Amino acid sequence: MTPSKSPVLVDGVVLNGPQTDVKVGENFVEEACRLVMEEVVLKATDVREKVCEWQPPEQLRQLLDLEMRDTGEPQDKLLKLCQDVIHFSVKTNHPRFFNQLYAGLDYYSLAARIITEALNPSVYTYEVSPVFLLVEEAVLKKMIECVGWKEGDGIFNPGGSVSNMCAMNLARYRYYPDVKEKGLSGLPRLILFTSAECHYSMKKAASFLGIGTQNVYFVETDGRGKMIPEELEKLIWQARKEGAVPFLVCATSGTTVLGAFDPLDEIAEICERHSLWLHVDDLLKKCYSAQATYLFQQDKFYDVSYDTGDKSIQCSRRPDAFKFWMTWKALGTLGLEERVNRALALSRYLVDEIKKREGFKLLLEPEYTNICFWYIPPSLRDMEEGPEFWKKLSLPHDRHVGIHEGLGLTPCSFPPKASREDSIPSS
Ligand SMILES: Cc1ncc(COP(=O)(O)O)c(C=O)c1O
(Lines give C-alpha, C1' and ligand atoms only; values in the text may rest on other atoms or scores of the structure.)
Protein backbone atom coordinates (compact mmCIF):
# COMPACT_ATOMS: atom_id res chain seq x y z
CA MET A 1 0.00 0.00 0.00
CA THR A 2 1.32 3.43 -0.87
CA PRO A 3 1.31 5.77 2.08
CA SER A 4 -1.23 8.52 1.60
CA LYS A 5 0.53 11.76 0.88
CA SER A 6 -0.37 14.81 2.81
CA PRO A 7 -1.04 17.62 0.38
CA VAL A 8 1.65 20.23 -0.16
CA LEU A 9 -0.20 23.48 -0.51
CA VAL A 10 1.20 26.72 -1.84
CA ASP A 11 -1.19 29.61 -2.26
CA GLY A 12 -4.06 27.13 -2.17
CA VAL A 13 -2.51 25.05 -5.00
CA VAL A 14 -1.90 21.34 -4.30
CA LEU A 15 1.61 20.69 -5.63
CA ASN A 16 1.88 16.95 -5.08
CA GLY A 17 -1.29 15.93 -6.89
CA PRO A 18 -1.87 15.42 -10.63
CA GLN A 19 -2.53 18.55 -12.65
CA THR A 20 -5.13 16.88 -14.83
CA ASP A 21 -7.20 13.75 -14.56
CA VAL A 22 -4.77 11.26 -16.06
CA LYS A 23 -7.36 8.60 -16.90
CA VAL A 24 -9.60 11.10 -18.64
CA GLY A 25 -6.61 12.49 -20.54
CA GLU A 26 -5.45 9.05 -21.65
CA ASN A 27 -8.93 8.20 -22.81
CA PHE A 28 -9.15 11.44 -24.77
CA VAL A 29 -5.88 10.75 -26.59
CA GLU A 30 -7.08 7.25 -27.43
CA GLU A 31 -10.41 8.49 -28.79
CA ALA A 32 -8.80 11.34 -30.73
CA CYS A 33 -6.28 8.91 -32.29
CA ARG A 34 -9.13 6.60 -33.29
CA LEU A 35 -10.85 9.56 -34.95
CA VAL A 36 -7.70 10.48 -36.83
CA MET A 37 -7.35 6.89 -38.00
CA GLU A 38 -10.98 6.57 -39.09
CA GLU A 39 -11.62 10.02 -40.48
CA VAL A 40 -8.22 10.93 -41.93
CA VAL A 41 -6.00 7.93 -42.55
CA LEU A 42 -8.57 5.34 -43.65
CA LYS A 43 -10.40 7.83 -45.84
CA ALA A 44 -7.27 9.31 -47.40
CA THR A 45 -7.42 7.19 -50.55
CA ASP A 46 -11.19 7.21 -50.95
CA VAL A 47 -12.07 9.30 -53.99
CA ARG A 48 -15.75 9.28 -52.98
CA GLU A 49 -14.89 11.43 -49.98
CA LYS A 50 -14.95 15.19 -50.39
CA VAL A 51 -11.65 17.03 -50.68
CA CYS A 52 -13.17 19.84 -48.69
CA GLU A 53 -16.46 20.74 -47.10
CA TRP A 54 -16.08 24.34 -48.16
CA GLN A 55 -17.71 27.11 -46.15
CA PRO A 56 -17.06 30.83 -46.32
CA PRO A 57 -15.47 32.30 -43.16
CA GLU A 58 -18.71 33.81 -41.77
CA GLN A 59 -20.52 30.49 -42.01
CA LEU A 60 -17.60 28.43 -40.81
CA ARG A 61 -17.27 30.66 -37.78
CA GLN A 62 -20.89 29.82 -36.94
CA LEU A 63 -20.46 26.10 -37.53
CA LEU A 64 -17.43 25.75 -35.31
CA ASP A 65 -17.52 26.45 -31.63
CA LEU A 66 -14.46 28.69 -31.55
CA GLU A 67 -14.97 30.57 -28.32
CA MET A 68 -12.58 29.88 -25.45
CA ARG A 69 -14.46 30.00 -22.14
CA ASP A 70 -13.47 30.42 -18.53
CA THR A 71 -14.21 26.80 -17.72
CA GLY A 72 -13.08 23.70 -19.58
CA GLU A 73 -15.45 21.73 -21.77
CA PRO A 74 -16.47 18.07 -21.43
CA GLN A 75 -14.67 15.33 -23.34
CA ASP A 76 -17.56 14.49 -25.67
CA LYS A 77 -17.72 18.11 -26.76
CA LEU A 78 -13.98 18.19 -27.33
CA LEU A 79 -14.19 15.05 -29.43
CA LYS A 80 -17.00 16.59 -31.46
CA LEU A 81 -14.73 19.61 -31.99
CA CYS A 82 -11.96 17.31 -33.23
CA GLN A 83 -14.45 15.76 -35.61
CA ASP A 84 -15.56 19.18 -36.86
CA VAL A 85 -11.98 20.27 -37.38
CA ILE A 86 -11.35 17.21 -39.53
CA HIS A 87 -14.68 17.55 -41.33
CA PHE A 88 -14.22 21.17 -42.37
CA SER A 89 -10.50 20.95 -43.10
CA VAL A 90 -9.05 20.44 -46.54
CA LYS A 91 -8.03 16.82 -47.04
CA THR A 92 -4.59 17.42 -48.46
CA ASN A 93 -4.10 13.64 -48.63
CA HIS A 94 -7.05 13.15 -50.96
CA PRO A 95 -6.13 11.75 -54.39
CA ARG A 96 -7.98 14.67 -56.01
CA PHE A 97 -6.38 17.38 -53.94
CA PHE A 98 -4.32 19.41 -56.39
CA ASN A 99 -2.39 22.19 -54.81
CA GLN A 100 1.27 22.97 -54.63
CA LEU A 101 3.70 21.05 -52.42
CA TYR A 102 1.65 17.93 -51.67
CA ALA A 103 2.09 14.32 -52.68
CA GLY A 104 -0.58 12.44 -50.77
CA LEU A 105 -0.32 10.65 -47.47
CA ASP A 106 3.00 9.19 -46.46
CA TYR A 107 2.19 6.66 -43.77
CA TYR A 108 5.71 6.44 -42.43
CA SER A 109 6.30 10.12 -41.97
CA LEU A 110 2.85 10.44 -40.42
CA ALA A 111 3.72 7.72 -37.89
CA ALA A 112 7.06 9.42 -37.27
CA ARG A 113 5.29 12.70 -36.62
CA ILE A 114 2.86 11.04 -34.22
CA ILE A 115 5.83 9.63 -32.30
CA THR A 116 7.60 12.98 -32.14
CA GLU A 117 4.45 14.84 -31.16
CA ALA A 118 3.89 12.33 -28.36
CA LEU A 119 7.47 12.56 -27.14
CA ASN A 120 7.59 16.33 -27.69
CA PRO A 121 11.36 16.59 -27.86
CA SER A 122 13.37 19.68 -28.61
CA VAL A 123 16.37 19.11 -30.80
CA TYR A 124 18.87 21.43 -29.20
CA THR A 125 21.02 19.24 -26.98
CA TYR A 126 21.95 15.58 -26.99
CA GLU A 127 20.74 15.07 -23.46
CA VAL A 128 17.20 16.08 -24.48
CA SER A 129 17.09 14.47 -27.95
CA PRO A 130 19.71 11.73 -28.19
CA VAL A 131 17.94 9.64 -30.82
CA PHE A 132 16.70 12.52 -32.94
CA LEU A 133 20.12 14.14 -33.07
CA LEU A 134 21.71 10.91 -34.29
CA VAL A 135 18.89 10.51 -36.81
CA GLU A 136 19.45 14.04 -38.11
CA GLU A 137 23.17 13.37 -38.36
CA ALA A 138 22.52 10.16 -40.33
CA VAL A 139 20.09 11.87 -42.73
CA LEU A 140 22.42 14.81 -43.31
CA LYS A 141 25.37 12.48 -43.92
CA LYS A 142 23.38 10.55 -46.50
CA MET A 143 22.15 13.73 -48.19
CA ILE A 144 25.67 15.11 -48.34
CA GLU A 145 26.76 11.84 -49.99
CA CYS A 146 23.85 12.11 -52.42
CA VAL A 147 25.03 15.50 -53.68
CA GLY A 148 28.52 14.04 -54.10
CA TRP A 149 30.39 15.87 -51.36
CA LYS A 150 32.92 14.16 -49.12
CA GLU A 151 32.01 16.26 -46.13
CA GLY A 152 29.60 18.97 -45.18
CA ASP A 153 27.40 20.30 -42.47
CA GLY A 154 23.74 21.08 -42.21
CA ILE A 155 20.68 21.47 -40.12
CA PHE A 156 17.04 20.73 -40.81
CA ASN A 157 15.10 23.95 -41.07
CA PRO A 158 11.34 24.28 -40.93
CA GLY A 159 11.19 25.00 -44.67
CA GLY A 160 12.63 26.59 -47.77
CA SER A 161 12.07 30.20 -46.71
CA VAL A 162 14.00 29.76 -43.49
CA SER A 163 16.73 27.87 -45.35
CA ASN A 164 17.08 30.73 -47.83
CA MET A 165 17.29 33.18 -44.98
CA CYS A 166 19.94 31.10 -43.23
CA ALA A 167 21.97 30.83 -46.43
CA MET A 168 21.83 34.61 -46.88
CA ASN A 169 22.89 35.22 -43.33
CA LEU A 170 25.74 32.70 -43.61
CA ALA A 171 27.01 34.34 -46.77
CA ARG A 172 26.99 37.75 -45.15
CA TYR A 173 28.70 36.40 -42.05
CA ARG A 174 31.38 34.81 -44.18
CA TYR A 175 32.39 38.18 -45.65
CA TYR A 176 31.56 40.32 -42.64
CA PRO A 177 31.87 38.20 -39.47
CA ASP A 178 31.71 41.37 -37.38
CA VAL A 179 28.05 41.67 -38.30
CA LYS A 180 27.29 39.15 -35.60
CA GLU A 181 28.44 41.49 -32.83
CA LYS A 182 28.27 44.92 -34.44
CA GLY A 183 25.11 44.64 -36.47
CA LEU A 184 24.50 46.44 -39.73
CA SER A 185 26.07 49.79 -38.89
CA GLY A 186 29.53 49.00 -40.23
CA LEU A 187 28.43 47.33 -43.44
CA PRO A 188 28.60 48.62 -47.00
CA ARG A 189 25.56 48.29 -49.25
CA LEU A 190 25.45 44.55 -49.94
CA ILE A 191 23.89 43.11 -53.09
CA LEU A 192 22.68 39.60 -53.73
CA PHE A 193 21.67 38.10 -57.04
CA THR A 194 18.96 35.65 -57.79
CA SER A 195 16.91 34.76 -60.81
CA ALA A 196 13.75 36.59 -61.75
CA GLU A 197 11.96 33.25 -61.26
CA CYS A 198 13.21 32.71 -57.72
CA HIS A 199 10.94 32.13 -54.77
CA TYR A 200 9.61 35.24 -53.02
CA SER A 201 11.29 34.14 -49.79
CA MET A 202 14.50 35.70 -51.16
CA LYS A 203 12.95 39.13 -50.85
CA LYS A 204 11.51 38.34 -47.46
CA ALA A 205 14.87 37.15 -46.19
CA ALA A 206 16.61 40.26 -47.53
CA SER A 207 14.09 42.42 -45.77
CA PHE A 208 14.26 40.46 -42.53
CA LEU A 209 18.06 40.51 -42.45
CA GLY A 210 18.30 44.23 -43.05
CA ILE A 211 19.82 43.79 -46.50
CA GLY A 212 16.82 45.43 -48.12
CA THR A 213 14.66 44.20 -50.94
CA GLN A 214 16.08 46.84 -53.32
CA ASN A 215 19.43 45.16 -52.92
CA VAL A 216 18.16 41.91 -54.35
CA TYR A 217 19.08 42.06 -58.03
CA PHE A 218 16.94 39.81 -60.16
CA VAL A 219 18.83 38.26 -63.02
CA GLU A 220 16.98 37.85 -66.26
CA THR A 221 16.00 34.31 -67.19
CA ASP A 222 15.77 32.54 -70.53
CA GLY A 223 12.55 31.22 -72.08
CA ARG A 224 12.72 28.19 -69.77
CA GLY A 225 13.07 30.29 -66.63
CA LYS A 226 16.80 29.63 -66.06
CA MET A 227 19.15 32.33 -64.88
CA ILE A 228 21.22 33.68 -67.78
CA PRO A 229 24.88 33.63 -66.62
CA GLU A 230 25.90 36.56 -68.87
CA GLU A 231 23.11 38.67 -67.36
CA LEU A 232 24.32 37.73 -63.89
CA GLU A 233 27.80 38.93 -64.72
CA LYS A 234 26.44 42.20 -66.15
CA LEU A 235 24.50 42.84 -62.94
CA ILE A 236 27.55 42.10 -60.79
CA TRP A 237 29.49 44.75 -62.69
CA GLN A 238 26.57 47.14 -62.44
CA ALA A 239 26.43 46.70 -58.64
CA ARG A 240 30.18 47.34 -58.43
CA LYS A 241 29.83 50.51 -60.51
CA GLU A 242 27.17 51.69 -58.09
CA GLY A 243 29.73 51.36 -55.30
CA ALA A 244 27.87 48.46 -53.73
CA VAL A 245 29.35 45.11 -52.68
CA PRO A 246 28.08 41.96 -54.39
CA PHE A 247 28.29 39.06 -51.96
CA LEU A 248 25.91 36.25 -52.85
CA VAL A 249 24.29 34.42 -55.71
CA CYS A 250 21.19 32.41 -54.81
CA ALA A 251 20.63 29.95 -57.60
CA THR A 252 17.54 27.75 -57.80
CA SER A 253 17.31 24.08 -58.69
CA GLY A 254 13.66 23.69 -59.51
CA THR A 255 11.96 27.07 -59.53
CA THR A 256 8.56 27.34 -57.93
CA VAL A 257 6.46 27.78 -61.03
CA LEU A 258 8.36 26.55 -64.07
CA GLY A 259 10.58 24.00 -62.28
CA ALA A 260 13.66 25.49 -63.94
CA PHE A 261 17.19 24.52 -62.96
CA ASP A 262 19.70 27.37 -63.05
CA PRO A 263 23.00 26.44 -64.76
CA LEU A 264 24.98 25.81 -61.57
CA ASP A 265 28.38 25.10 -63.13
CA GLU A 266 28.43 28.35 -65.08
CA ILE A 267 27.12 30.30 -62.09
CA ALA A 268 29.72 28.69 -59.82
CA GLU A 269 32.45 29.71 -62.22
CA ILE A 270 31.24 33.34 -62.14
CA CYS A 271 31.03 33.22 -58.34
CA GLU A 272 34.58 31.97 -58.15
CA ARG A 273 35.86 34.74 -60.41
CA HIS A 274 34.04 37.42 -58.44
CA SER A 275 34.57 35.85 -55.00
CA LEU A 276 30.88 35.53 -54.36
CA TRP A 277 29.29 33.01 -52.07
CA LEU A 278 27.62 29.98 -53.57
CA HIS A 279 28.63 27.45 -50.97
CA VAL A 280 31.10 27.38 -48.05
CA ASP A 281 31.53 24.61 -45.51
CA ASP A 282 31.69 24.81 -41.71
CA LEU A 283 30.11 28.17 -41.01
CA LEU A 284 26.82 27.19 -39.48
CA LYS A 285 27.95 27.05 -35.88
CA LYS A 286 30.29 30.03 -36.00
CA CYS A 287 27.61 32.16 -37.56
CA TYR A 288 24.66 31.19 -35.42
CA SER A 289 26.03 30.09 -32.10
CA ALA A 290 24.99 32.11 -29.09
CA GLN A 291 26.63 29.71 -26.61
CA ALA A 292 23.76 29.95 -24.17
CA THR A 293 25.32 28.71 -20.96
CA TYR A 294 22.14 27.19 -19.60
CA LEU A 295 22.01 24.82 -22.59
CA PHE A 296 25.36 24.49 -24.27
CA GLN A 297 27.78 23.90 -21.42
CA GLN A 298 31.09 22.62 -22.76
CA ASP A 299 31.88 20.33 -19.80
CA LYS A 300 29.08 17.81 -20.25
CA PHE A 301 29.70 14.08 -19.88
CA TYR A 302 29.26 13.43 -23.62
CA ASP A 303 30.56 14.78 -26.94
CA VAL A 304 29.05 18.27 -27.01
CA SER A 305 29.39 18.53 -30.77
CA TYR A 306 26.03 16.70 -30.69
CA ASP A 307 24.43 19.74 -29.10
CA THR A 308 23.70 20.96 -32.61
CA GLY A 309 20.97 23.37 -31.55
CA ASP A 310 23.56 26.14 -31.46
CA LYS A 311 23.84 25.89 -35.27
CA SER A 312 20.22 26.83 -35.68
CA ILE A 313 18.45 30.18 -35.56
CA GLN A 314 15.83 28.50 -33.40
CA CYS A 315 16.16 27.33 -29.84
CA SER A 316 13.46 24.65 -29.63
CA ARG A 317 13.45 22.74 -32.87
CA ARG A 318 11.18 19.98 -34.14
CA PRO A 319 12.91 16.75 -35.15
CA ASP A 320 11.98 17.21 -38.81
CA ALA A 321 14.68 14.83 -40.00
CA PHE A 322 12.92 11.99 -38.21
CA LYS A 323 9.93 11.99 -40.60
CA PHE A 324 12.22 11.87 -43.58
CA TRP A 325 14.40 9.19 -41.97
CA MET A 326 11.41 6.97 -41.23
CA THR A 327 10.20 7.22 -44.84
CA TRP A 328 13.73 6.61 -46.15
CA LYS A 329 14.01 3.58 -43.86
CA ALA A 330 10.63 2.25 -45.04
CA LEU A 331 11.17 2.78 -48.77
CA GLY A 332 14.94 2.64 -49.08
CA THR A 333 16.85 4.86 -51.46
CA LEU A 334 15.47 2.84 -54.37
CA GLY A 335 11.93 3.35 -53.15
CA LEU A 336 12.47 7.09 -52.95
CA GLU A 337 13.94 7.00 -56.44
CA GLU A 338 10.84 5.16 -57.65
CA ARG A 339 8.65 7.90 -56.18
CA VAL A 340 10.57 10.55 -58.09
CA ASN A 341 10.40 8.47 -61.25
CA ARG A 342 6.66 8.04 -60.79
CA ALA A 343 6.21 11.78 -60.36
CA LEU A 344 8.19 12.35 -63.57
CA ALA A 345 6.16 9.69 -65.41
CA LEU A 346 2.92 11.29 -64.20
CA SER A 347 4.17 14.62 -65.50
CA ARG A 348 4.85 13.13 -68.93
CA TYR A 349 1.37 11.59 -68.92
CA LEU A 350 -0.18 14.93 -68.02
CA VAL A 351 1.73 16.69 -70.78
CA ASP A 352 0.41 14.16 -73.31
CA GLU A 353 -3.14 14.65 -72.05
CA ILE A 354 -2.84 18.44 -72.23
CA LYS A 355 -1.64 18.19 -75.81
CA LYS A 356 -4.51 15.89 -76.75
CA ARG A 357 -7.34 17.83 -75.16
CA GLU A 358 -9.17 20.78 -76.61
CA GLY A 359 -9.01 23.95 -74.55
CA PHE A 360 -5.64 23.26 -72.97
CA LYS A 361 -2.43 24.93 -73.99
CA LEU A 362 0.95 23.78 -72.73
CA LEU A 363 3.14 26.70 -71.78
CA LEU A 364 6.43 24.95 -72.38
CA GLU A 365 7.85 21.43 -72.46
CA PRO A 366 8.71 20.69 -68.84
CA GLU A 367 12.18 19.77 -67.70
CA TYR A 368 10.99 18.68 -64.27
CA THR A 369 7.67 17.81 -62.63
CA ASN A 370 6.18 21.29 -62.93
CA ILE A 371 3.69 21.43 -65.77
CA CYS A 372 2.50 24.88 -66.71
CA PHE A 373 -0.54 25.14 -68.91
CA TRP A 374 -3.47 27.34 -69.68
CA TYR A 375 -7.06 26.31 -69.62
CA ILE A 376 -8.75 28.25 -72.39
CA PRO A 377 -12.48 28.52 -71.70
CA PRO A 378 -14.80 27.89 -74.69
CA SER A 379 -15.59 31.61 -74.97
CA LEU A 380 -11.94 32.39 -75.74
CA ARG A 381 -11.01 29.45 -77.93
CA ASP A 382 -11.62 31.22 -81.21
CA MET A 383 -10.12 34.49 -80.09
CA GLU A 384 -6.77 35.69 -81.36
CA GLU A 385 -3.98 35.68 -78.76
CA GLY A 386 -3.67 39.45 -78.33
CA PRO A 387 -3.71 41.68 -75.22
CA GLU A 388 -7.49 41.34 -74.94
CA PHE A 389 -7.21 37.55 -74.96
CA TRP A 390 -4.59 37.54 -72.17
CA LYS A 391 -6.54 40.05 -70.16
CA LYS A 392 -9.68 37.93 -70.31
CA LEU A 393 -7.77 34.76 -69.62
CA SER A 394 -6.35 36.24 -66.47
CA LEU A 395 -9.74 36.88 -64.91
CA PRO A 396 -10.11 34.80 -61.74
CA HIS A 397 -12.61 32.31 -63.13
CA ASP A 398 -10.33 31.60 -66.07
CA ARG A 399 -7.40 30.69 -63.89
CA HIS A 400 -4.37 29.24 -65.54
CA VAL A 401 -2.45 26.80 -63.48
CA GLY A 402 0.82 25.02 -63.21
CA ILE A 403 1.22 21.62 -61.71
CA HIS A 404 4.11 20.23 -59.77
CA GLU A 405 3.17 16.69 -60.72
CA GLY A 406 3.05 14.61 -57.62
CA LEU A 407 3.38 17.81 -55.69
CA GLY A 408 0.30 19.79 -56.63
CA LEU A 409 -1.07 22.76 -58.49
CA THR A 410 0.54 26.16 -58.63
CA PRO A 411 -1.12 29.24 -60.00
CA CYS A 412 1.29 30.79 -62.52
CA SER A 413 2.31 34.40 -62.45
CA PHE A 414 0.42 36.23 -65.13
CA PRO A 415 1.35 36.05 -67.83
CA PRO A 416 4.28 33.63 -67.47
CA LYS A 417 7.41 34.90 -69.08
CA ALA A 418 7.57 32.38 -71.90
CA SER A 419 4.05 33.13 -72.91
CA ARG A 420 4.56 36.87 -72.46
CA GLU A 421 7.48 36.81 -74.85
CA ASP A 422 5.87 34.47 -77.29
CA SER A 423 2.42 35.84 -77.37
CA ILE A 424 2.00 39.40 -76.21
CA PRO A 425 2.98 42.30 -78.35
CA SER A 426 5.43 44.53 -76.47
CA SER A 427 3.06 47.46 -76.64
C1 LIG B 1 12.04 27.13 -54.89
C2 LIG B 1 11.37 27.37 -53.56
N3 LIG B 1 12.10 27.90 -52.54
C4 LIG B 1 11.54 28.14 -51.33
C5 LIG B 1 10.22 27.85 -51.08
C6 LIG B 1 9.62 28.16 -49.72
O7 LIG B 1 9.48 27.02 -48.99
P8 LIG B 1 8.64 27.04 -47.60
O9 LIG B 1 7.22 27.11 -48.00
O10 LIG B 1 9.00 25.71 -47.01
O11 LIG B 1 9.08 28.18 -46.78
C12 LIG B 1 9.43 27.29 -52.11
C13 LIG B 1 8.01 26.97 -51.88
O14 LIG B 1 7.29 26.63 -52.78
C15 LIG B 1 10.01 27.07 -53.37
O16 LIG B 1 9.29 26.59 -54.40
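Below is a summary of the structure that appears in this document. (Residues numbered from 1 in each chain as written. Predicted model: local features only at pLDDT ≥ 70, side-chain atom pairs only at ≥ 80, totals over all residues. Heavy atoms only, no water.)

A short note on the side chain of T327
Inference 1: Among the structural elements, T327 can be located in helix α12 (residues 320-356).
Inference 2: T327 gets classed as buried once you look at its relative accessible area, which sits at 6%.
Inference 3: A distance of 3.1 Å separates a polar side-chain atom of T327 from the backbone oxygen of K323.
Inference 4: Once residues within four sequence positions are removed from consideration, T327 is found in contact with D106, Y108, S109, G332, L336 and R339. (Helix = DSSP H or I, 4+ residues; strand = E, 2+ residues; numbered from the N terminus. Buried < 20%, exposed > 50% of the residue type's maximum accessible area, 1.4 Å probe, protein only. Polar contact = N/O pair within 3.5 Å; in protein donor to acceptor, adjacent residues only side chain to side chain. Contact = heavy atoms within 4.5 Å.)

Points about a nonpolar patch on the surface
Inference 1: On the surface, V8, V10, V13 and L15 cluster together to form a nonpolar patch covering roughly 330 Å² of accessible area.
Inference 2: As for its placement among the helices and strands, V10 is situated in strand β1 (residues 9-10).
Inference 3: Look at V10 and you get partly exposed, because its relative accessible area is 39%. (Patch = residues over 30% accessible without salt bridge, like charges linked within 9 Å, V, L, I, M, F, W, Y side chains within 5 Å. Areas by Shrake-Rupley, 256 points an atom, 1.4 Å probe, with all protein chains shown as cover. Salt bridge = Lys/Arg side-chain N within 4 Å of Asp/Glu carboxyl O.)

Some thoughts on unusual backbone geometry
Inference 1: You will see that S275, though not glycine, has its phi angle at about 50°, which is positive.
Inference 2: With respect to the helices and strands, the residue S275 is situated in the loop between α10 (264-274) and α11 (284-288).
Inference 3: We note that Q291 has phi near 50°; this positive angle belongs to a residue other than glycine.
Inference 4: Here Q291 shows up in the loop between α11 and α12.

Some remarks on the packing of aromatic side chains
Inference 1: One pass over the full model with this rule turns up 13 aromatic pairs.
Inference 2: Between the aromatic rings of F261 and Y368, the centroid separation amounts to 5.1 Å while the plane-to-plane angle is 85°, which identifies the pairing as edge-to-face. With F261 in the loop between β5 (245-250) and α10 and Y368 in the loop between β6 (360-362) and β7 (370-375), this pair connects stretches of sequence that are 107 residues apart.
Inference 3: Residue class for F261 comes out partly exposed when judged on its relative accessible area of 29%.
Inference 4: Using a relative accessible area of 32% as the deciding quantity, one classes Y368 as partly exposed.
Inference 5: A ring pair is formed by F360 and Y375, whose centres lie 5.4 Å apart and whose planes are at 55°; its orientation type is tilted. Linking F360 in strand β6 with Y375 in strand β7, this pair joins segments that are 15 residues apart in sequence.
Inference 6: Here F360 falls in the partly exposed class, since its relative accessible area comes to 31%.
Inference 7: An aromatic cluster of at least three residues, connected via ring pairs, comprises Y126, F301, Y302 and Y306.
Inference 8: In this arrangement the basic side chain of R240 is found over the ring face of W237, its NZ or CZ atom lying 5.8 Å from the centre. (Phe/Tyr/Trp six-rings, centres within 6.5 Å; stacked < 30°, edge-to-face > 60°. Lys NZ or Arg CZ within 6 Å of the ring centre and 35° of its normal.)

Topic: the pattern of salt bridges
Inference 1: Applying the stated criterion across every chain, the model contains 31 salt bridges.
Inference 2: Across the pair E31 and R34 runs a salt bridge whose closest N-O atoms are separated by 2.7 Å. Of this pair, E31 and R34 both sit in helix α1 (residues 22-41), 3 residues apart, which is roughly one turn of the helix.
Inference 3: Residue classification places R34 among the partly exposed residues on the basis of a relative accessible area of 39%.
Inference 4: Salt-bridge contacts for K356 lead to E353; the nearest nitrogen and oxygen are separated by 3.1 Å. On the criterion of helical spacing, the pair formed by K356 and E353 is a turn pair, its members being 3 residues apart in helix α12.
Inference 5: Counted as one network, the salt bridges with shared partners bring together D65, R69, E73 and K77.

Honestly, that's just the spatial picture; any functional story needs more than this.
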